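# Descriptive analysis of the structure
Chain by chain, the residues run as shown.
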Amino acid sequence: MKRVLKDKIDDETLRAELTKYLNEYRVSPDAAKRGILRKYGAMDIPFVGGTIVKKISALTGNEQNVDIVGKIMSSERKLISSRGTQKEIVSGTIGDETGNVSFTVWEPGSTEFAPGESYAFRNCYCKTWNGAVQVHVGNRGRFEPAGTDVEASEEPVSLPSESKKIGSLIGTEQSVDLTAKVLFAERRRVNARGEDKDILSGTIGDETGTVQFTVWNPGETELEQGSAYRFIGCYCKMWNGTVQVNLGDRSRIEPSDEAIDAAEAPAPQERPPMAPGERKKISELTGSEANADLSVKALFVERKNRNIRGVDRDIISGIIGDETGTAPFTVWEPGDLEMEKGATYVFRGCYTRLWDSRVQVNVGNRGKVEPLGIQIDVPERTFDLSPPECKVKDIREGIGSITVKGIISSVEERDVVIKGENRTVWSGILADDTGKIQYSAWKDFGLKENESVCIANAYVRSWKGIPQLNMGERCEVSRVDADFGAVESGSSMRTVGDIMKAGGGIDLEIEGMIVDVKAGSGLIKRCPQCRRSILGGVCAMHGQVEGLSDLRIKAVIDDGTGAIGTVIGREDTEKLTGMTLEEAERMSARLGESAVAAELASKVLMRRVRVFGNVTIDDFGPSIIERGVEAIGIDAKEEARKLLKEVEANLS
């Protein structure tokens, strides 16, 4: 251990640590060695794809597996609502010599993250929010004392800015600099997330176009109409197909002497004019255009009524094409517009999006469609407008209208209230030979258990991170003669990689290795009323209570394609470790709760297991709601022979 740890720990400390693990925690020598090596950073748990170590100033906001080491500059423990339950998190600011960023630890356990202490955050993921990077330690990440002092800069890290013209904005910029003339500005009071605040908003422009802007914390800032300014460190968003420029805490505004040739200021009630769109062919579209002009031929057109955010509205959709290709389109506010199949049009001010890996053309409230009057030759194609047929394992949110065949495993009729209206919904499980999926039918299709059906024109939505099949008014159900009984009796085997693509699922089976045991494992107390875990005898729902003892392991399982979190309950924890709840309570009384957690970790780390249950996916990654766990024995010699054979095959 001394050779591995080198100068990370002196002999006296190493001896004291070893004595504590062996005599106080009463763990095996191997578990003691592993615990000490992990504690002092000489043994890291590998994650799929590996992690990279970065300085804080090098973070881009797109990292998925990154390690940072820094000093806690501020921290706050708070209670938030997540998935309908209360949970504690710790958030604050962490810094190194290159700068500082905000952080959130989603499962902090009892760790306080006191200001001035240095920590290593392992396997973090990063996001951008209002133009700033945020570091998150989720259920696949972990934290540990850094063991060394870190100098922390007082300078917040800002994303590198890019100078742009207004006409080139696409609505996804996180840090952009603009030099523009103020065409209209007003100070007003709004309610943002339940808080009344003053903002400064209006329209700015340059020679390429105009855009709306908002300064969220203006302070004493005043903008003079007709004057030019530099807007530094802005972030952009899309709203109803229109780019909006935002200035947050890390943005600033400076006067500019540059002469800006911009359009005249629009009246406050009018929409600001839009810059001419970039002329493109359909084959050139990328799915990220914010302002494009297309000359196209209408190949298929239909006007239909859709309920959008609780409002019934008419839209026009179909397929357009030119000599380079075709694309689906939607006109969101057609008004009196009439489009005919075979006619040619100019789509001005379109924006595009990728949907199921295909570019879609949208005409929003600032775009328009005009007759073109010239012939456009479109290569002869056959358009199949029927929804594609999918297997259950391939169904994921965003896939669009689909057809699926399977057997009705269960059906239940329920009365629900939707937006103040009483409705009846039929729900249950549909299964085929690849898996199972929950469904909801919003009209009576006469569904019966053990009946094989073909469901056409269904759509997919996620609920709690699990895809669900929805059968609306346009859905068609027919009976088929097919046998889908193969999955009725058990779970469907999946890899974590497959689950991440599909977006969760029910009755799944995952096989992998336990690579980490997280804080909150071991002996815990639960509220006797709601069964939630409690801290310090206090339940978030019922206040001070006399807690009931329970045993659990919060594990991270890696199957070679990805990592997934799970909470293993008492019964399966006892089965995997051989330690009963009563034995854990006796150990805790003698050595403390941390000894129980260390002993459980020593018994399950690096063991191969098979887990059964439903899988959900949220911002913190995938989690399997464990319904059963079993250990898998490994024939080391056989595995070694297989590996040797693969290596020899690659060398030959």
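Residues numbered from 1 in each chain as written. Predicted model: local features only at pLDDT ≥ 70, side-chain atom pairs only at ≥ 80, totals over all residues. Heavy atoms only, no water.

### Some thoughts on the overall build of the protein
Applicable threshold: Working definition: helices are DSSP H or I runs of at least four residues, strands are E runs of at least two. Numbering for both runs from the N terminus. It only takes one pair of heavy atoms within 4.5 Å for two residues to be counted as in contact. Shrake-Rupley sampling with a 1.4 Å probe provides the accessible areas, and residues are treated as covered by the protein chains on show and by no other component.
Within the protein, the secondary structure is distributed over eight helices and 38 strands. Across the protein, the fraction of contacts at a sequence separation of at least 24, relative to all contacts at a separation of at least 6, is 60%. Surface exposure of the protein reaches about 33400 Å², of which carbon and sulfur atoms provide 47%.

### Describing the environment of K393
Within the secondary structure, K393 is located in the loop between strand 22 (389-390) and strand 23 (402-418). Taking the C-alpha atoms as reference, K393 lies 9.1 Å from D433; in sequence the two are 40 residues apart. K393 has contacts with T434, R494 and A502, leaving out every residue within four places of it along the chain.

### Side note on the side chain of D96
Going by this rule: Using a 1.4 Å probe on the protein chains alone, a residue whose accessible area is under 20% of its type maximum counts as buried, one over 50% counts as exposed, and one in between counts as partly exposed. Only four residue types enter the tally: Lys and Arg on the positive side, Asp and Glu on the negative side; His and the chain ends are excluded. Every case where a carboxyl oxygen of Asp or Glu lies within 4 Å of a side-chain nitrogen of Lys or Arg is listed as a salt bridge. Here a polar contact is taken to be a pair of N or O atoms separated by no more than 3.5 Å, where protein atoms must pair a possible hydrogen donor with a possible acceptor and residues adjacent in sequence count only if both atoms sit in side chains.
Counting through the fold element by element, D96 comes out in strand 3 (residues 85-96). With no salt bridge to any partner, buried D96 finds its closest opposite charge in K55, at an N-O distance of 4.8 Å. Only 3.0 Å separates the side chain of D96 from the backbone nitrogen of I56, close enough to count as a polar contact. When near neighbours in sequence (up to four residues on either side) are disregarded, D96 contacts K55, I56, V69, V150, E151, A152 and S153.

### Some thoughts on the pattern of salt bridges
For side chains of opposite charge, pairing can occur when their charged atoms come near one another. Applying the stated criterion to the full structure yields 35 salt bridges. Residue D572 pairs with K575 through a salt bridge whose shortest N-O separation is 3.3 Å. Of this pair, D572 and K575 both sit in helix 5 (residues 570-577), three residues apart, which is roughly one turn of that helix. Looking at D572, the relative accessible area reads 11%, which means it is buried. Residue K575 is classed as exposed on the basis of its relative accessible area of 54%. Residues participating in the shared-partner salt-bridge network are E509, E511, R608, R610 and E630.

### With respect to the packing of helix 6 (residues 581-591) against helix 7 (residues 593-604)
How we decide: In this analysis, axes come from line fits to C-alpha atoms, helices being fitted only over the stretch in contact, and the angle between any two N-to-C directions falls in the range 0 to 180 degrees. When describing relative orientation, an angle under 35 degrees is termed roughly parallel and one over 145 degrees roughly antiparallel, while 65 to 115 degrees is termed roughly perpendicular and anything else oblique. Each residue is assigned to one of three groups, with Ala, Val, Leu, Ile, Met, Phe, Trp, Tyr, Cys and Pro labelled nonpolar, Asp, Glu, Lys and Arg labelled charged, and all others, Gly among them, labelled polar.
Across the interface, helix 6 lies against helix 7 with an axial gap of 7 Å and an inter-helix angle of 130 degrees. By the angle between their directions, the pair helix 6 and helix 7 is classed as oblique. Counted together, A584, M587, S588 and L591 of helix 6 and E593, A595, V596 and E599 of helix 7 form the full contact between these two elements. Counted by class, the contact of helix 6 with helix 7 contains five nonpolar, one polar and two charged residues.

### A closer look at a nonpolar patch on the surface
Going by this rule: The patches reported here contain residues having more than 30% relative accessible area and no salt bridge. Joining distances are 9 Å for like charges and 5 Å for nonpolar side chains (Val, Leu, Ile, Met, Phe, Trp, Tyr).
On the surface, a nonpolar cluster with roughly 190 Å² of combined accessible area is contributed by M1, L18 and L22. Mapping M1 onto the fold places it in the segment before helix 1 (2-5).

### Overview of the packing of helix 5 against helix 7
How we decide: Two helices that cross are described as forming a left-handed crossing if the nearer one is turned anticlockwise from the farther one by less than a right angle, and a right-handed crossing if clockwise.
For the pair helix 5 and helix 7, interaxial distance at closest approach is 9 Å and the crossing angle is 65 degrees. Helix 7 is crossed by helix 5, and the crossing has left-handed handedness. Here helix 5 contributes T573, L576 and T577 to the contact with helix 7, which in turn contributes L600, K603 and V604. Its residues placed into classes, the contact of helix 5 with helix 7 shows three nonpolar, two polar and one charged.

### Observations concerning unusual backbone geometry
Non-glycine residue F113 carries a positive phi angle of around 55 degrees. Along the chain, F113 falls in the loop between strand 4 (99-105) and strand 5 (118-129). Under the relative-accessibility criterion, F113 is labelled buried at 0%.

### Considering the packing of aromatic side chains
What counts, and what does not: To pair, rings of Phe, Tyr and Trp, with the six-membered ring standing in for Trp, must have centres within 6.5 Å; the planes then decide the type, stacked if under 30 degrees apart, edge-to-face if over 60, and tilted in the middle.
In the structure shown here, the tally under the stated rule is eight aromatic pairs. With a centroid separation of 6.3 Å and 55 degrees between ring planes, the pair formed by F103 and F113 is classed as tilted. Note that F103 is positioned in strand 4 and F113 in the loop between strand 4 and strand 5, a separation of 10 residues in sequence. The exposure classification of F103 matches that of F113, with both residues buried.

### A short note on the state of the cysteines
In protein structure, a disulfide is the covalent linkage between the sulfur atoms of two cysteines. To keep things clear, this is the line we draw: The disulfide criterion is simple: two cysteine sulfur atoms within 2.5 Å.
For the structure on display, the rule yields zero disulfides. Unpaired in terms of disulfides, C454 finds its nearest cysteine sulfur in C475, a separation of 9.1 Å. For C454, a relative accessible area of 13% translates into the label buried. Relative accessible area serves as the criterion here: at 5%, C475 is assigned to the buried category.

### Here's the deal with the environment of T128
Position of T128 relative to the elements: it lies in strand 5. Overall, the relative accessible area of 26% leaves T128 in the partly exposed class. Each C-alpha atom, one on T128 and one on G61, is 5.1 Å from the other, the two residues being 67 residues apart in sequence. Not counting the four nearest positions on each side in its chain, T128 is found in contact with T60, G61, V133, L159 and Q174.

### Digging into the confidence of the model for the protein
The condition that has to hold: Residue-level confidence of the predictor, termed pLDDT, takes values from 0 up to 100.
For the protein, per-residue confidence averages 82 on the pLDDT scale, and residues scoring 70 or more make up 86% of the total. Across the protein, the element-wise mean pLDDT spans from 68 in helix 3 (residues 29-39) up to 93 in helix 5. Below a pLDDT of 50 lies the segment residues 265-274, which in the model reaches 23 contacts outside its immediate sequence neighbourhood of four places, other chains included.

### Some remarks on the side chain of R494
Within the secondary structure layout, R494 lies in the loop between strand 29 (492-493) and helix 4 (496-502). A distance of 2.9 Å separates a polar atom in the side chain of R494 from the backbone oxygen of T434. Excluding anything up to four places from it in sequence, R494 contacts K393, T434, G435, I499, L508, E509 and I510.

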